[in-house]
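An overview of the molecular structure
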Amino acid sequence: MSALANEYKAINLSQGFPNFEVSEELVSLMNHYMKKGMNQYAPMQGIISLRERIAEKVQDLYGAVYNPETEINITSGGTQAIYTAITAMIREGDEVVIFEPAYDCYAPAIQLAGGIPVYIQLTAPDYSIDWTKVKKLITQKTKMIIINTPHNPAGTIMTAADMKELEKITSNSEITIISDEVYEHILFDGLRHESVMRYPKLAERSFVVFSFGKTYHTTGWKMGYCLAPENLMTEFRRVHQFVVFSSTTFAQYALADFMKNKNYLELPAFYQEKRDYFLKLISGSKFKFIPSKGSYFQSLDYSDITKEKDFDFAVRLTKENGIASVPVSAFYNKKNDYKMLRFCFAKTNETLEQAAEKLCSIKADKTIGKITTI
Ligand SMILES: Cc1ncc(COP(=O)(O)O)c(C=O)c1O
């Protein structure tokens, strides 16, 4: 959709990346460490000062204790951490439960490792998890469950009750968990991020994945990290060593310095303003929505506008109305069409205003609301 947006010069709310400036301080730090000569391979696990900052952060935020030496690894983005954890744990015929709609890197990594994705479909508008259904799909072959909270593309979050259910389902099993928490700081209305790290019984079987790209508006730097108990991290590192070996050195030094002032704590308020502004701007449109609870995505229901398939409508909006989104069916294996489009509101106010103007100008098709008689 980004390519189509570029071709048609449409406002691009499709791909998930911010279009505002990165902190000048962080850019200067990157520059500083590059000039200072931090340009050769970093240690495979990542530099220790950055791992220490991360250990302090998760203890502060989630009360979780991780050993920076043996239980934290710097990665080249969240995607690499997810790929590495899957490759480390999954073998031919292993089943991995994933919830759809799902971020698109899970299933291919499972299949590349010879595993079988077992899809649990969450349905619009609330995308809640039916744990009875999950229980039924767990077999002797289930080796892993992948969760994602706050959720891309749904904008939902997992609750404490969800985490308790996950705890029940996985207890007395050898199932490992990947908890994709790249949007850990983007939650709204005072909601609390339910990290698996708050739940010791879940943490002991989890790879927890994060992305500096999401937190510091630097998706193009591809920097992230993974936390896991030592037995799992040992397996993770066996793969990490031969996937990338190590991640950009000067970026690690810069991030270690930058994290000291805990600037990530400003993120919920920053994005709350964006979400609220975007929703206010489109309140006069024909789209329906449940306000996003987390992540920088908002799904909009267009069933009052047209009966077109979401893919067709997204293409039409890009070409004819100059506004690009992602059809939510793209996040489903079976391409379920709930007449939903995903919009990224990590954009400047100016971009959001231009986008909203276009969204508000979209009229319903003539066929909508009419009863067809034969
Ligand atoms: C749910 C989710 N997980 C992981 C990632 C990947 O993060 P990174 O860009 O650090 O690889 C993304 C990026 O869009 C995401 O939305």
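The model shown is predicted, which means the values in this text are computed figures rather than measured ones.

**Brief notes about the sheet that holds strand β9 (residues 297-301)**
By definition, the strands of a sheet pair up through backbone hydrogen bonds, in either a parallel or an antiparallel sense. Reading across the sheet, the 3 strands line up as β9-β12-β11 and stay open at both edges, with antiparallel pairing between neighbours. Bordering the open sheet on either side are β9 and β11 (326-327), each of which pairs with just one other strand. With 2 bridges connecting them, β11 and strand β12 (residues 340-344) associate as antiparallel partners. Pairing of Pro327 across the sheet is with Leu341, part of β12.

**Examining the site of the ligand**
As a matter of local geometry, the ligand sits amid 14 residues, with Gly77, Gly78, Thr79, Asn152 and Ser211 nearest to it. A per-class count over the shell around the ligand returns 2 nonpolar, 10 polar and 2 charged.

**Quick word on the domain arrangement of the protein**
The domains assigned to the protein are domain 1 (2-16 + 266-360) and domain 2 (37-261). Placing a centre on the C-alpha atoms of domain 1 and another on those of domain 2 gives a separation of 26 Å. Facing the 25 residues of domain 1 at the interface are 26 residues of domain 2. Only α12 (267-281), β9 and β12 provide two or more residues apiece to the side of domain 1 that touches domain 2. Sorting elements by how many residues they give to the side of domain 1 that touches domain 2 places α12 first, with 5 residues. Looking at the side of domain 1 that touches domain 2 residue by residue, the classes come out as 12 nonpolar, 9 polar and 4 charged.

**Notes on the nonpolar core**
Grouped together as the largest cluster of nonpolar side chains are 105 residues, with contacts concentrated most on Ala85 and Cys226. With 8 residues, helix α11 (residues 249-259) is the largest single contributor of residues to this core. Counting contributing residues per domain, this core is built from domain 1 (2-16 + 266-360) and domain 2 (37-261), each supplying no fewer than three. If we ignore the near neighbours within four places in the chain, the residues touching Cys226 are Asn73, Thr75, Ala81, Ala85, Phe207, Val208, Val209 and Phe236.

**Examining the environment of Asp304**
Inspection of the secondary structure puts Asp304 in the loop between β9 and α13 (310-321). Expressed as a C-alpha distance, the spacing of Asp304 and Lys286, which sit 18 residues apart in the sequence, is 6.5 Å. Contact partners of Asp304, with chain neighbours within four places excluded, come to Lys286, Lys288, Ala364 and Ile368.

**Here's the deal with the environment of Thr159**
For Thr159, the position within the fold is in the loop between β5 (142-148) and α7 (160-170). The class for Thr159 is partly exposed, based on 16 C-beta atoms found within 10 Å. A sequence separation of 32 residues divides Thr159 from Leu191, and the C-alpha atoms of the two residues are 9.3 Å apart.

**Observations regarding the sheet that holds strand β4 (residues 116-121)**
Here 7 strands make up an open sheet; going across it, the order is β2-β8-β7-β6-β5-β3-β4 and the pairing mixed. One side of each edge strand has no neighbouring strand; the edge strands of this open sheet are β2 (72-75) and β4. Sheet twist, expressed as the mean angle between neighbouring strand axes with direction ignored, is 20°. Examined bridge by bridge, β2 and strand β8 (residues 224-227) share 4 bridges and lie antiparallel to one another. Bridge pairing links Thr75 to Gly224 in β8. Relative to β2, helix α3 (residues 48-62) is tilted by about 115°, and along the sheet it contacts β2 and β8.

**Focus on α13**
When we look at burial in α13, the residues that qualify are Asp310, Phe313, Ala314, Leu317 and Thr318. The buried residues of α13 occupy an angular sector of 135° when the element is viewed end-on, so they sit on one face. Those residues of α13 that are exposed and aimed more than 90 degrees away from the buried face are Asp312 and Glu320. The inward-facing, buried residues of α13 contact α1 (2-7), β10 (323-324), β11 and β12. Looking one or two residues beyond α13, the residue adopting positive phi is Gly322, at roughly 70°.

Basis of the calculations
Going along each chain's sequence as written, the residues are numbered from 1 onward. Given that the model is predicted, a residue must reach a pLDDT of at least 70 before its local features are reported, and side-chain atom pairs must reach 80 or more before they are shown or counted; all residues, however, enter totals for whole chains, interfaces and linings. A pair of strands is labelled paired if DSSP reports no fewer than 2 bridges between them. Segments assigned H or I by DSSP are reported as helices when at least four residues long, segments assigned E as strands when at least two residues long, and all are numbered from the N terminus. In this analysis, residues qualify as near a molecule or strand once their C-beta atom, positioned from backbone atoms, comes within 6 Å of it. Residue type decides the class: Asp, Glu, Lys and Arg count as charged, Ala, Val, Leu, Ile, Met, Phe, Trp, Tyr, Cys and Pro as nonpolar, and the leftover types, Gly among them, as polar. Where each domain starts and ends follows an automatic or database-derived domain assignment. Note on contacts: each residue gets a C-beta atom placed from the backbone, and two residues are in contact if those atoms are within 7 Å. For this entry, the nonpolar core is defined as buried Ala, Val, Leu, Ile, Met, Phe, Trp, Tyr and Cys residues connected by C-beta atoms within 7 Å. To sort residues by burial, count the other C-beta atoms lying within 10 Å of each one's C-beta; a count of 20 or more means buried, 12 or fewer means exposed, and anything in between means partly exposed. C-beta atoms are built from the backbone. The axes used here are C-alpha line fits, helices contributing only the stretch in contact, and every angle between their N-to-C directions lies in the interval 0 to 180 degrees. Our arc is simply the arc of the directions from the helix axis toward the C-beta atoms.

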